[in-house]
Amino acid sequence: MIFSNEKLQFTIMTIILSWAGLIILMSMYFTIPLTDILMNTFHVNETMAIWIGSIFSLTYALCCLIYGPLSDRYGRKIFLIFGISILTIATFICAFINNYTLLLIFRILQGIGAAAFVPISLAYIGDVYPLEKRKSAFGFMTSGFLISSVLAQLFATLIQKYLGLNWIYIILAILYLITSILTITFLPKESANKHKNSIFLNFLNIKNLLFNKQLSISFSFSFILLFSLIGMYTILEAFLLAPPFYFTEQQVFLARAVGLIGTVMCILAGKISDKFGEIQSFRTCLGIASVALFLMAITPNLLTIVFSLLFVASISLVVPINITLISQRAANQRGTALLFNAFILFIGASIGPMLATKLMQVSNAFVSFSTFSGILLLGCLASFFLKENKSAPE
């Protein structure tokens, strides 16, 4: 331990990891409100401009599958340092690139760096933190992940307006440099790696995760969580832009921000699950989320925004509890399991808005919200197949 006071040590570590997760994922989301700016800057069409954001996300997802077995073999902190270092350098260079193709290359490097830090930090918590502190730490980190999606867009809009596009990269690079120093200085190395399997065998062992019934159930929940969250916001945006509301883009953004106040519930996930039990808390929150979506479906007024807050709060409680369950049950494959889970989350987040958009094109908000509500209700029923973890995790 770096500090003699163990409680202070873990508090500082949690702050650093949560801060890192928040600002690192800003690189994934900040391009969302800048499509027109990117089109004009690089003289490309809309699809090519969107790829500046999508190439980062795709790289991030694919690297999640690679880093898991590697970190199980070589340890976590070395990849945390590698990831934030690559991200810092690539982000700074992006600020001075005027060529579209070259920017895509360095956005790929950004994704490689980000994927080596954010998901592995969850495995790091599972290795370094005592059991009673893990759920709280997972909650703080998850809150940072969810807040990042809105904060990044606000940050990008303001910085681009008053300083220019390049300064987005410069400021982020400075923040990443500070984070890299904090990581090296204040995050202790985990205990000696006990997993001596070859890298090839670690990759082959990914199939063991899928054959584990309890892990497979948790992975399926991971898919529907961000699937439903991003899908809900896609439906809500179309709902508010249409008559009788005719919201502006800025008003829609504020409506999204209201819902994300619910992400603070991530912080309470540990205390709530300790009091009521992990499985019971998980099941109840899924049920509440399903009901909240149905209430959004049958409410033809602005109370829909209020129910979105209830929905987000429920999902925000479920995500860290699910991560805790996966961490406990993966044992020696914790790193591989948590990064595979990050990949599944990303797939869900990608498919959710696609289904939501299609539903809004062929039907209406009632059908769209109800469909997602039904999917979560099925998830709630499937949670009865989850079993409490009887053995203490490592």
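Here the structure is a predicted model, which is why all the values come from computation and not from measurement.

Cut-offs used in this document
Residues numbered from 1 in each chain as written. Predicted model: local features only at pLDDT ≥ 70, side-chain atom pairs only at ≥ 80, totals over all residues. Heavy atoms only, no water. Phe/Tyr/Trp six-rings, centres within 6.5 Å; stacked < 30°, edge-to-face > 60°. Helix = DSSP H or I, 4+ residues; strand = E, 2+ residues; numbered from the N terminus. Buried < 20%, exposed > 50% of the residue type's maximum accessible area, 1.4 Å probe, protein only. Lys NZ or Arg CZ within 6 Å of the ring centre and 35° of its normal. Salt bridge = Lys/Arg side-chain N within 4 Å of Asp/Glu carboxyl O. Axes fitted to C-alpha atoms, helices over the stretch in contact; angles between N-to-C directions. Left-handed = near helix turned anticlockwise from the far one by under 90°. Contact = heavy atoms within 4.5 Å. Nonpolar A, V, L, I, M, F, W, Y, C, P; charged D, E, K, R; others polar.

Visitor: What is the right way to look at the packing of aromatic side chains in this model?
Guide: With the rule as written, the count across this model stands at 13 aromatic pairs. Centre to centre, the rings of F56 and Y60 are 6.5 Å apart; their planes meet at 15°, and the pair counts as stacked. Placement of both F56 and Y60 in helix α3 (residues 46–74) is noted, with a separation of 4 residues, approximately one turn of the helix. F56 sits in the buried class, given a relative accessible area of 0%. Taken together, the ring pairs connect F239, F245, F247 and F369 into an aromatic cluster. Of note, R283 hangs over the ring of F384, and the distance from its end group to the ring centre comes to 4.0 Å.

Visitor: Which parts of the structure should I look at to understand the pattern of salt bridges?
Guide: It is possible for side chains bearing opposite charge to pair when their charged atoms get close. For the structure shown, the criterion picks out 4 salt bridges. Between D127 and R334 there is a salt bridge whose closest N-O contact spans 2.7 Å. Separated by 207 residues along the polypeptide, D127 in helix α6 (residues 118–128) and R334 in helix α16 (residues 334–362) bring together distant segments of the chain. On the basis of relative accessible area, R334 is assigned to the buried category, the value being 3%. Residue E278 is joined to K135 by a salt bridge in which the shortest nitrogen-to-oxygen separation is 3.2 Å. Separated by 143 residues along the polypeptide, E278 in helix α14 (residues 278–298) and K135 in helix α7 (residues 131–162) bring together distant segments of the chain. The pair E278 / K135 is uniform in exposure class, with both members buried. Through salt bridges with shared partners, a single network forms among R76, D127 and R334.

Visitor: Please explain the packing of α6 against α16 as it appears in this structure.
Guide: Two numbers describe a pair of packed helices, the interaxial angle and the distance between the axes. With their axes 8 Å apart at the nearest point, α6 and α16 run at an angle of 145° to one another. The two elements α6 and α16 cross, and the hand of that crossing is right-handed. Every residue of α16 that contacts α6 at P119, I120, L122, A123, G126 and D127 is listed here: R334, G335, L338, L339 and A342. Tallied by class, the residues present in the contact of α6 with α16 amount to 7 nonpolar, 2 polar and 2 charged.

Limitation: the analysis is restricted to geometry and does not speak to function.
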